[in-house]
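Observations on the model geometry
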Amino acid sequence: MKIGILAVQGDFAAHAAVLAGMGIQTAEVRTRDDLEGCDGLILPGGESTTQLQFLQEEGLYEAIRKFAAEGKAILGTCAGAILLASEVKNPRQESLGLLDMTVLRNGYGRQVHSAVVSGPSSLKHEPMEMVFIRGPIFERVGPGLEVLAEYAGKPALVQKAHILAAAFHPELTDDTTVHQRFLELAAENANHSALAG
């Protein structure tokens, strides 16, 4: 299995390190061709406006929407979650619109308001460690989105079908729960494709 990681700016190297530790091959994605052969894609944290502009300029905007339409797994963390949302506020901006939810940029404050917290999750019995760095607030999640973890009474990790969005940075903890869930989704699609082929 090969996982692509959008490598424009932000913390893409940290995701690659987590996956390498789990024995997973990764590829840095900067062009449409880089997406070829990937079983899943991670949209990392960073600056969502910068990333969006890059996606549009490089033709990756439509390529990622097609990737999602093919049922391939996508994980968006922090800025990546903003890119997945259907509505972005504070300020408003365009997005890929792959998940029916409204996000508030910098909802948990500026860089100085970063926090490491533990919260309940349906993915494991113990509380899940979550690192928030200027994280977005998931203000509204539409029907069909499953809330997998919460923080301060708000959804912090949501899933619909093969797409996951986290308001926090799972790559900055030793807890691989979120990446494991993402890899399961990627494997499901890879298996379906193999059977169909």
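Below is a summary of the structure that appears in this document.

Notes on the overall build of the protein chain
Counting secondary structure elements, the protein chain contains six helices and 12 strands. In summary, the protein chain has a C-alpha radius of gyration of 15 Å against a globular reference of 16 Å for 197 residues, a match within 12%. The dimensions of the protein chain, computed from C-alpha atoms along their principal axes, are 45 × 40 × 30 Å. Across the protein chain, contacts joining residues at least 24 apart in sequence account for 63% of those joining residues at least 6 apart. Surface exposure of the protein chain reaches about 8700 Å², of which carbon and sulfur atoms provide 49%. The positive charge centre, built from 16 side chains, and the negative charge centre, built from 24, are 6 Å apart in the protein chain.

Some words on the nonpolar core
Within the largest apolar cluster, 58 residues are counted, with the highest numbers of intra-cluster contacts made by Leu43, Leu60, Ile64, Ile74, Met101, Leu157 and Phe168. If we ignore the near neighbours within four places in the chain, the residues touching Ile64 are Leu35, Leu41, Leu43, Leu55, Ile74, Leu96 and Leu98.

Quick word on the sheet that holds strand β6 (residues 99-104)
One open sheet holds the three strands; their spatial order is β5-β6-β9, and the pairing between them is mixed. At either end of the open sheet lies a strand with only one pairing partner, and these are β5 (85-89) and β9 (137-141). Direction aside, neighbouring strands of the sheet carry axes that sit 25° apart on average. Strand direction decides the pairing type here: β5 and β6, joined by four bridges, are parallel. Each bridged residue has a counterpart across the sheet, and for Lys89 the counterpart in β6 is Leu104.

Topic: the environment of Thr173
Following the sequence through the fold, Thr173 ends up in the loop between β12 (163-166) and α6 (177-196). Those residues within four positions of Thr173 in sequence are excluded, and the remaining contacts are Glu129 and Val131. Looking at Thr173, its side chain comes within polar contact range of the main-chain oxygen of Pro170, at 3.5 Å. A distance of 3.0 Å separates the side chain of Thr173 from the backbone nitrogen of Asp175, its partner in a polar contact.

Considerations on the sheet that holds strand β3 (residues 40-43)
As summarised here, the arrangement of the seven strands in space is β2-β1-β3-β4-β12-β11-β10, forming an open sheet in which the pairing is mixed. Two strands lie at the open edges of the sheet, namely β2 (25-29) and β10 (146-151), each paired on one side alone. For this sheet, the mean angle separating the axes of adjacent strands, direction not counted, is 20°. Bridge analysis of β3 against strand β4 (residues 73-77) gives four bridges, and the strand direction is parallel. Among the inter-strand pairings, Leu41 is bridged to a residue of β4, identified as Ile74.

Definitions and cut-offs
Residues numbered from 1 in each chain as written. Predicted model: local features only at pLDDT ≥ 70, side-chain atom pairs only at ≥ 80, totals over all residues. Heavy atoms only, no water. Helix = DSSP H or I, 4+ residues; strand = E, 2+ residues; numbered from the N terminus. Rg over C-alpha atoms; globule rule 2.2 N^0.38 Å. Contact = heavy atoms within 4.5 Å. Areas by Shrake-Rupley, 256 points an atom, 1.4 Å probe, with all protein chains shown as cover. Lys, Arg positive; Asp, Glu negative; His and termini not counted. Charge placed at Lys NZ, Arg CZ, Asp CG, Glu CD. Core = buried A, V, L, I, M, F, W, Y, C linked by side-chain atoms within 4.5 Å. Buried < 20%, exposed > 50% of the residue type's maximum accessible area, 1.4 Å probe, protein only. Pairing = 2+ DSSP bridges. Axes fitted to C-alpha atoms, helices over the stretch in contact; angles between N-to-C directions. Polar contact = N/O pair within 3.5 Å; in protein donor to acceptor, adjacent residues only side chain to side chain.

Honestly, that's just the spatial picture; any functional story needs more than this.
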